[in-house]
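Understanding the architecture of this molecule
Spelled out, the chains give:
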Amino acid sequence: MSRRFVAGETLDDAVYAARKCNDLGMMTSLDYLGENVSTTTDAQRARDAYLEIFDRIAVEKLDANVSCKLTQMGLDLSPEFCEGLVLSVVERAASYGNFLRVDMEGSTYTQRTVELVKRIRSRNAAIGTVIQSYLYRSEKDIQDLLGYRCRIRLCKGAYKEGVDVAFERKQDVDGNYVRLMQQLLSSGVYHGIATHDPKMIGETIRWAAETRVSKDDFEFQMLYGIRTDLQRRLVKGGFRVRVYIPYGQDWFPYFMRRLAERPANIGFLVRNLFRG
Ligand SMILES: Cc1cc2nc3c(=O)[nH]c(=O)nc-3n(C[C@H](O)[C@H](O)[C@H](O)COP(=O)(O)OP(=O)(O)OC[C@H]3O[C@@H](n4cnc5c(N)ncnc54)[C@H](O)[C@@H]3O)c2cc1C
(Lines give C-alpha, C1' and ligand atoms only; values in the text may rest on other atoms or scores of the structure.)
Protein backbone atom coordinates (compact mmCIF):
# COMPACT_ATOMS: atom_id res chain seq x y z
CA MET A 1 0.00 0.00 0.00
CA SER A 2 2.89 2.34 0.70
CA ARG A 3 3.84 1.98 -2.99
CA ARG A 4 1.36 4.73 -3.81
CA PHE A 5 3.62 7.25 -2.04
CA VAL A 6 7.03 5.54 -2.00
CA ALA A 7 8.97 4.59 -5.16
CA GLY A 8 10.37 1.35 -3.68
CA GLU A 9 13.02 0.12 -1.30
CA THR A 10 16.17 0.49 -3.41
CA LEU A 11 18.09 3.23 -5.20
CA ASP A 12 17.34 1.37 -8.46
CA ASP A 13 13.61 1.86 -7.75
CA ALA A 14 14.15 5.59 -7.18
CA VAL A 15 16.25 5.94 -10.34
CA TYR A 16 13.52 4.20 -12.34
CA ALA A 17 10.84 6.55 -10.94
CA ALA A 18 13.03 9.61 -11.54
CA ARG A 19 13.67 8.59 -15.14
CA LYS A 20 9.93 8.29 -15.75
CA CYS A 21 9.35 11.77 -14.30
CA ASN A 22 12.22 13.22 -16.37
CA ASP A 23 10.69 11.67 -19.50
CA LEU A 24 7.48 13.56 -18.69
CA GLY A 25 9.38 16.84 -18.42
CA MET A 26 9.60 16.93 -14.62
CA MET A 27 12.63 17.35 -12.40
CA THR A 28 12.97 15.24 -9.26
CA SER A 29 14.37 15.22 -5.74
CA LEU A 30 15.40 11.84 -4.35
CA ASP A 31 14.89 11.21 -0.65
CA TYR A 32 16.45 8.20 1.05
CA LEU A 33 13.89 7.62 3.80
CA GLY A 34 15.04 7.62 7.41
CA GLU A 35 14.86 9.79 10.53
CA ASN A 36 15.86 9.94 14.19
CA VAL A 37 18.74 7.46 14.01
CA SER A 38 20.06 6.37 17.40
CA THR A 39 23.70 5.52 16.61
CA THR A 40 26.54 7.33 14.87
CA THR A 41 27.03 4.23 12.71
CA ASP A 42 23.49 4.59 11.33
CA ALA A 43 24.08 8.30 10.68
CA GLN A 44 27.30 7.51 8.80
CA ARG A 45 25.47 4.86 6.82
CA ALA A 46 22.91 7.48 5.80
CA ARG A 47 25.73 9.86 4.79
CA ASP A 48 27.25 7.09 2.64
CA ALA A 49 23.88 6.46 1.02
CA TYR A 50 23.59 10.16 0.13
CA LEU A 51 27.10 10.25 -1.35
CA GLU A 52 26.15 7.25 -3.48
CA ILE A 53 22.92 8.93 -4.63
CA PHE A 54 24.82 11.96 -5.97
CA ASP A 55 27.29 9.66 -7.79
CA ARG A 56 24.45 7.67 -9.28
CA ILE A 57 22.50 10.75 -10.40
CA ALA A 58 25.60 11.89 -12.28
CA VAL A 59 26.21 8.49 -13.88
CA GLU A 60 22.56 8.15 -14.92
CA LYS A 61 22.45 11.79 -16.08
CA LEU A 62 19.19 12.32 -14.21
CA ASP A 63 17.58 15.71 -13.71
CA ALA A 64 17.49 15.21 -9.95
CA ASN A 65 18.67 16.76 -6.74
CA VAL A 66 18.46 15.25 -3.25
CA SER A 67 16.45 15.82 -0.06
CA CYS A 68 17.52 14.61 3.38
CA LYS A 69 16.58 14.91 7.05
CA LEU A 70 19.04 16.07 9.70
CA THR A 71 17.83 13.56 12.29
CA GLN A 72 18.77 10.85 9.80
CA MET A 73 22.33 12.17 9.95
CA GLY A 74 22.57 12.30 13.71
CA LEU A 75 21.14 15.67 14.78
CA ASP A 76 19.73 14.04 17.94
CA LEU A 77 23.17 12.64 18.80
CA SER A 78 25.41 15.67 18.23
CA PRO A 79 24.83 18.79 16.09
CA GLU A 80 28.58 19.06 15.35
CA PHE A 81 28.82 15.45 14.21
CA CYS A 82 25.69 15.89 12.07
CA GLU A 83 27.08 19.09 10.51
CA GLY A 84 30.29 17.31 9.51
CA LEU A 85 28.32 14.58 7.73
CA VAL A 86 26.01 17.03 5.98
CA LEU A 87 28.94 19.18 4.88
CA SER A 88 30.60 16.19 3.21
CA VAL A 89 27.36 15.45 1.33
CA VAL A 90 27.01 19.11 0.27
CA GLU A 91 30.60 19.10 -1.00
CA ARG A 92 29.85 15.98 -3.07
CA ALA A 93 26.70 17.68 -4.43
CA ALA A 94 28.71 20.80 -5.32
CA SER A 95 31.36 18.72 -7.09
CA TYR A 96 28.62 17.72 -9.56
CA GLY A 97 26.99 21.16 -9.68
CA ASN A 98 24.07 19.58 -7.80
CA PHE A 99 22.12 20.54 -4.68
CA LEU A 100 21.09 19.15 -1.27
CA ARG A 101 17.79 20.20 0.28
CA VAL A 102 17.45 19.77 4.03
CA ASP A 103 13.82 18.86 4.81
CA MET A 104 12.20 20.53 7.82
CA GLU A 105 11.08 18.21 10.61
CA GLY A 106 9.03 18.88 13.77
CA SER A 107 9.29 22.32 15.44
CA THR A 108 11.71 21.15 18.12
CA TYR A 109 14.28 20.90 15.30
CA THR A 110 13.52 24.16 13.47
CA GLN A 111 16.08 26.40 15.20
CA ARG A 112 18.88 23.83 14.94
CA THR A 113 18.07 23.17 11.29
CA VAL A 114 18.08 26.86 10.33
CA GLU A 115 21.37 27.44 12.20
CA LEU A 116 23.10 24.44 10.63
CA VAL A 117 21.93 25.30 7.12
CA LYS A 118 23.07 28.93 7.51
CA ARG A 119 26.53 27.83 8.68
CA ILE A 120 27.00 25.49 5.73
CA ARG A 121 25.39 27.94 3.27
CA SER A 122 27.96 30.58 4.22
CA ARG A 123 30.65 28.17 2.94
CA ASN A 124 28.85 26.40 0.11
CA ALA A 125 25.86 27.38 -2.08
CA ALA A 126 24.81 23.78 -2.77
CA ILE A 127 22.48 23.63 0.25
CA GLY A 128 18.96 24.86 0.86
CA THR A 129 16.16 24.09 3.27
CA VAL A 130 12.40 24.10 3.87
CA ILE A 131 10.06 26.50 5.65
CA GLN A 132 6.59 25.54 6.89
CA SER A 133 3.74 28.07 6.68
CA TYR A 134 1.96 26.63 9.73
CA LEU A 135 4.67 27.93 12.10
CA TYR A 136 4.34 31.47 13.50
CA ARG A 137 8.11 31.92 13.30
CA SER A 138 8.44 31.22 9.56
CA GLU A 139 8.42 34.80 8.25
CA LYS A 140 11.35 35.64 10.52
CA ASP A 141 13.20 32.47 9.42
CA ILE A 142 12.68 33.37 5.77
CA GLN A 143 14.16 36.84 6.28
CA ASP A 144 17.07 35.30 8.16
CA LEU A 145 17.76 32.68 5.45
CA LEU A 146 17.36 35.19 2.63
CA GLY A 147 20.21 37.13 4.23
CA TYR A 148 22.34 34.16 3.09
CA ARG A 149 20.57 33.97 -0.30
CA CYS A 150 19.48 30.51 0.75
CA ARG A 151 17.11 28.62 -1.56
CA ILE A 152 13.90 27.74 0.27
CA ARG A 153 11.17 25.20 -0.32
CA LEU A 154 7.87 26.52 1.05
CA CYS A 155 5.38 23.92 2.31
CA LYS A 156 2.45 23.99 4.73
CA GLY A 157 3.99 21.56 7.26
CA ALA A 158 3.32 17.90 7.99
CA TYR A 159 3.94 17.42 11.74
CA LYS A 160 1.56 17.56 14.68
CA GLU A 161 2.24 20.91 16.37
CA GLY A 162 0.72 22.78 19.31
CA VAL A 163 -1.08 26.13 19.20
CA ASP A 164 1.86 27.68 21.04
CA VAL A 165 3.98 27.38 17.86
CA ALA A 166 1.64 26.83 14.91
CA PHE A 167 -1.56 28.08 13.32
CA GLU A 168 -4.38 25.62 13.89
CA ARG A 169 -6.92 26.72 11.28
CA LYS A 170 -6.39 25.81 7.62
CA GLN A 171 -7.33 29.33 6.51
CA ASP A 172 -4.52 30.79 8.66
CA VAL A 173 -1.96 28.28 7.37
CA ASP A 174 -3.05 29.05 3.81
CA GLY A 175 -3.05 32.82 4.39
CA ASN A 176 0.49 32.64 5.73
CA TYR A 177 1.50 30.40 2.80
CA VAL A 178 0.41 33.07 0.32
CA ARG A 179 2.20 35.83 2.25
CA LEU A 180 5.44 33.83 2.45
CA MET A 181 5.21 32.74 -1.21
CA GLN A 182 4.99 36.41 -2.23
CA GLN A 183 8.09 37.25 -0.18
CA LEU A 184 10.02 34.35 -1.70
CA LEU A 185 9.07 35.10 -5.29
CA SER A 186 10.01 38.74 -4.84
CA SER A 187 13.43 37.92 -3.36
CA GLY A 188 15.37 37.31 -6.57
CA VAL A 189 16.48 33.87 -5.28
CA TYR A 190 15.29 30.62 -6.92
CA HIS A 191 12.78 28.87 -4.62
CA GLY A 192 10.45 25.86 -4.59
CA ILE A 193 6.71 26.26 -4.05
CA ALA A 194 5.71 22.87 -2.65
CA THR A 195 1.98 22.19 -2.53
CA HIS A 196 -0.80 20.21 -4.19
CA ASP A 197 -3.38 22.82 -3.25
CA PRO A 198 -4.85 24.33 -6.45
CA LYS A 199 -5.63 27.56 -4.54
CA MET A 200 -1.99 28.04 -3.47
CA ILE A 201 -0.82 27.18 -6.99
CA GLY A 202 -3.30 29.64 -8.51
CA GLU A 203 -2.16 32.41 -6.14
CA THR A 204 1.48 31.69 -7.05
CA ILE A 205 0.81 31.85 -10.79
CA ARG A 206 -1.19 35.06 -10.33
CA TRP A 207 1.50 36.73 -8.17
CA ALA A 208 4.31 35.72 -10.54
CA ALA A 209 2.45 37.16 -13.52
CA GLU A 210 1.53 40.34 -11.65
CA THR A 211 5.08 40.99 -10.43
CA ARG A 212 6.74 39.80 -13.66
CA VAL A 213 8.58 36.86 -12.11
CA SER A 214 9.46 34.53 -14.95
CA LYS A 215 8.31 30.87 -14.98
CA ASP A 216 12.00 29.94 -15.00
CA ASP A 217 12.73 31.77 -11.76
CA PHE A 218 10.91 29.36 -9.42
CA GLU A 219 9.58 25.82 -9.42
CA PHE A 220 6.52 23.97 -8.18
CA GLN A 221 7.19 20.85 -6.15
CA MET A 222 4.87 17.94 -5.42
CA LEU A 223 5.13 14.56 -3.77
CA TYR A 224 5.44 11.29 -5.67
CA GLY A 225 1.99 9.76 -6.21
CA ILE A 226 -0.05 12.85 -5.30
CA ARG A 227 -1.99 14.92 -7.85
CA THR A 228 -0.07 13.59 -10.85
CA ASP A 229 -2.79 15.16 -13.03
CA LEU A 230 -1.91 18.59 -11.68
CA GLN A 231 1.83 17.92 -12.07
CA ARG A 232 1.33 17.21 -15.77
CA ARG A 233 -0.98 20.16 -16.29
CA LEU A 234 1.61 22.54 -14.86
CA VAL A 235 4.32 21.10 -17.12
CA LYS A 236 2.00 21.62 -20.09
CA GLY A 237 1.53 25.22 -18.97
CA GLY A 238 5.31 25.75 -19.17
CA PHE A 239 6.00 25.71 -15.42
CA ARG A 240 8.97 24.01 -13.84
CA VAL A 241 7.81 21.03 -11.74
CA ARG A 242 9.88 18.87 -9.39
CA VAL A 243 8.61 15.58 -7.96
CA TYR A 244 9.87 14.51 -4.53
CA ILE A 245 10.66 10.80 -4.74
CA PRO A 246 11.06 8.96 -1.42
CA TYR A 247 12.50 5.45 -1.33
CA GLY A 248 14.08 3.05 1.13
CA GLN A 249 13.12 0.50 3.76
CA ASP A 250 12.35 3.01 6.49
CA TRP A 251 9.11 4.18 4.84
CA PHE A 252 6.68 3.84 7.74
CA PRO A 253 6.81 7.36 9.32
CA TYR A 254 6.63 9.03 5.89
CA PHE A 255 3.69 6.83 4.88
CA MET A 256 1.86 7.64 8.14
CA ARG A 257 2.29 11.40 7.58
CA ARG A 258 0.76 11.05 4.11
CA LEU A 259 -2.20 9.10 5.54
CA ALA A 260 -2.69 11.54 8.39
CA GLU A 261 -2.85 14.66 6.25
CA ARG A 262 -5.83 13.43 4.28
CA PRO A 263 -8.79 11.56 5.85
CA ALA A 264 -9.69 10.03 2.46
CA ASN A 265 -6.39 8.13 2.55
CA ILE A 266 -7.55 6.20 5.61
CA GLY A 267 -10.47 4.91 3.49
CA PHE A 268 -7.92 3.89 0.85
CA LEU A 269 -5.96 2.01 3.52
CA VAL A 270 -9.03 0.25 4.92
CA ARG A 271 -10.32 -0.75 1.46
CA ASN A 272 -6.94 -2.27 0.62
CA LEU A 273 -6.73 -4.08 3.94
CA PHE A 274 -10.08 -5.77 3.31
CA ARG A 275 -9.19 -6.49 -0.29
CA GLY A 276 -5.93 -8.07 0.94
C1 LIG B 1 7.87 18.50 -2.47
C2 LIG B 1 7.35 18.54 -1.07
C3 LIG B 1 8.24 18.49 -0.02
C4 LIG B 1 7.78 18.57 1.29
N5 LIG B 1 8.69 18.65 2.33
C6 LIG B 1 8.24 18.83 3.58
C7 LIG B 1 9.13 19.07 4.66
O8 LIG B 1 10.35 19.14 4.50
N9 LIG B 1 8.61 19.25 5.90
C10 LIG B 1 7.25 19.21 6.14
O11 LIG B 1 6.83 19.40 7.29
N12 LIG B 1 6.39 18.96 5.13
C13 LIG B 1 6.85 18.78 3.88
N14 LIG B 1 5.95 18.56 2.86
C15 LIG B 1 4.53 18.24 3.18
C16 LIG B 1 3.67 19.47 3.30
O17 LIG B 1 4.05 20.20 4.45
C18 LIG B 1 2.18 19.10 3.42
O19 LIG B 1 1.98 18.28 4.52
C20 LIG B 1 1.62 18.40 2.19
O21 LIG B 1 2.19 18.86 1.03
C22 LIG B 1 0.11 18.63 2.08
O23 LIG B 1 -0.16 20.00 1.97
P24 LIG B 1 -0.66 20.71 0.61
O25 LIG B 1 0.14 21.93 0.43
O26 LIG B 1 -0.64 19.75 -0.51
O27 LIG B 1 -2.13 21.23 0.95
P28 LIG B 1 -3.41 20.52 1.54
O29 LIG B 1 -4.39 21.63 1.78
O30 LIG B 1 -3.07 19.62 2.68
O31 LIG B 1 -3.91 19.62 0.34
C32 LIG B 1 -4.36 20.15 -0.90
C33 LIG B 1 -4.80 19.00 -1.79
O34 LIG B 1 -3.67 18.18 -2.13
C35 LIG B 1 -3.99 16.81 -2.16
N36 LIG B 1 -3.25 16.11 -1.09
C37 LIG B 1 -2.50 16.69 -0.14
N38 LIG B 1 -1.91 15.76 0.64
C39 LIG B 1 -2.33 14.57 0.18
C40 LIG B 1 -2.09 13.21 0.57
N41 LIG B 1 -1.30 12.91 1.58
N42 LIG B 1 -2.68 12.22 -0.14
C43 LIG B 1 -3.49 12.51 -1.19
N44 LIG B 1 -3.76 13.77 -1.61
C45 LIG B 1 -3.19 14.79 -0.93
C46 LIG B 1 -5.49 16.76 -1.94
O47 LIG B 1 -6.11 16.80 -3.20
C48 LIG B 1 -5.76 18.01 -1.16
O49 LIG B 1 -7.10 18.45 -1.26
C50 LIG B 1 6.38 18.57 1.54
C51 LIG B 1 5.48 18.62 0.48
C52 LIG B 1 5.94 18.63 -0.82
C53 LIG B 1 4.96 18.73 -1.92
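The structure displayed is predicted, hence computed values, not measured ones.

A few words now on the packing of aromatic side chains. For the structure on display, the rule yields 10 aromatic pairs. Relative to Phe167, the ring of Tyr136 lies with its centre 4.9 Å away and its plane at 90°, an arrangement referred to as edge-to-face. Placement of the pair is Tyr136 in the loop between strand S4 (127-132) and helix H5 (138-146) and Phe167 in the loop between strand S5 (151-155) and helix H6 (170-185), with a sequence separation of 31 residues. Above the plane of the ring of Phe239 lies Lys215, whose end atom (NZ or CZ) is 4.7 Å from the centre. A cation over a ring is seen here: Arg258 above Tyr254, with NZ or CZ 4.6 Å from the ring centre.

Around the ligand sit 27 residues, and of these Lys156, Gly157, Thr195, His196 and Glu261 come closest. Within the side chain of Glu261, one N or O atom sits 2.6 Å away from an oxygen atom of the ligand. Considering the ligand on its own, with 930 Å² of exposed area, one finds that the protein chains cover 88% of that surface. Those elements that place two or more of their residues in the shell around the ligand are S4, S5 and strand S7 (218-223). Tallying contributions element by element places S7 first for the shell around the ligand, with 3 residues. Classifying every residue of the shell around the ligand by side-chain character gives 11 nonpolar, 6 polar and 10 charged.

For the rest of this paragraph, the subject is the packing of helix H4 (residues 110-121) against H5. The geometry of H4 relative to H5 is characterised by a closest axis approach of 10 Å and an angle of 10° between their N-to-C directions. Classed by the angle they form, the pair H4 and H5 counts as roughly parallel. Of the residues in H5, those in contact with Thr110, Val114, Val117 and Lys118 of H4 are Asp141, Asp144 and Leu145. Per-class residue counts for the contact of H4 with H5 are 3 nonpolar, 1 polar and 3 charged.

What counts, and at which threshold
- Residues numbered from 1 in each chain as written.
- Predicted model: local features only at pLDDT ≥ 70, side-chain atom pairs only at ≥ 80, totals over all residues.
- Heavy atoms only, no water.
- Phe/Tyr/Trp six-rings, centres within 6.5 Å; stacked < 30°, edge-to-face > 60°.
- Helix = DSSP H or I, 4+ residues; strand = E, 2+ residues; numbered from the N terminus.
- Lys NZ or Arg CZ within 6 Å of the ring centre and 35° of its normal.
- Near = heavy atom within 4 Å.
- Polar contact = N/O pair within 3.5 Å; in protein donor to acceptor, adjacent residues only side chain to side chain.
- Areas by Shrake-Rupley, 256 points an atom, 1.4 Å probe, with all protein chains shown as cover.
- Nonpolar A, V, L, I, M, F, W, Y, C, P; charged D, E, K, R; others polar.
- Axes fitted to C-alpha atoms, helices over the stretch in contact; angles between N-to-C directions.
- Parallel < 35°, antiparallel > 145°, perpendicular 65-115°, else oblique.
- Contact = heavy atoms within 4.5 Å.

Functional significance is not addressed by these values, which are geometric in nature.
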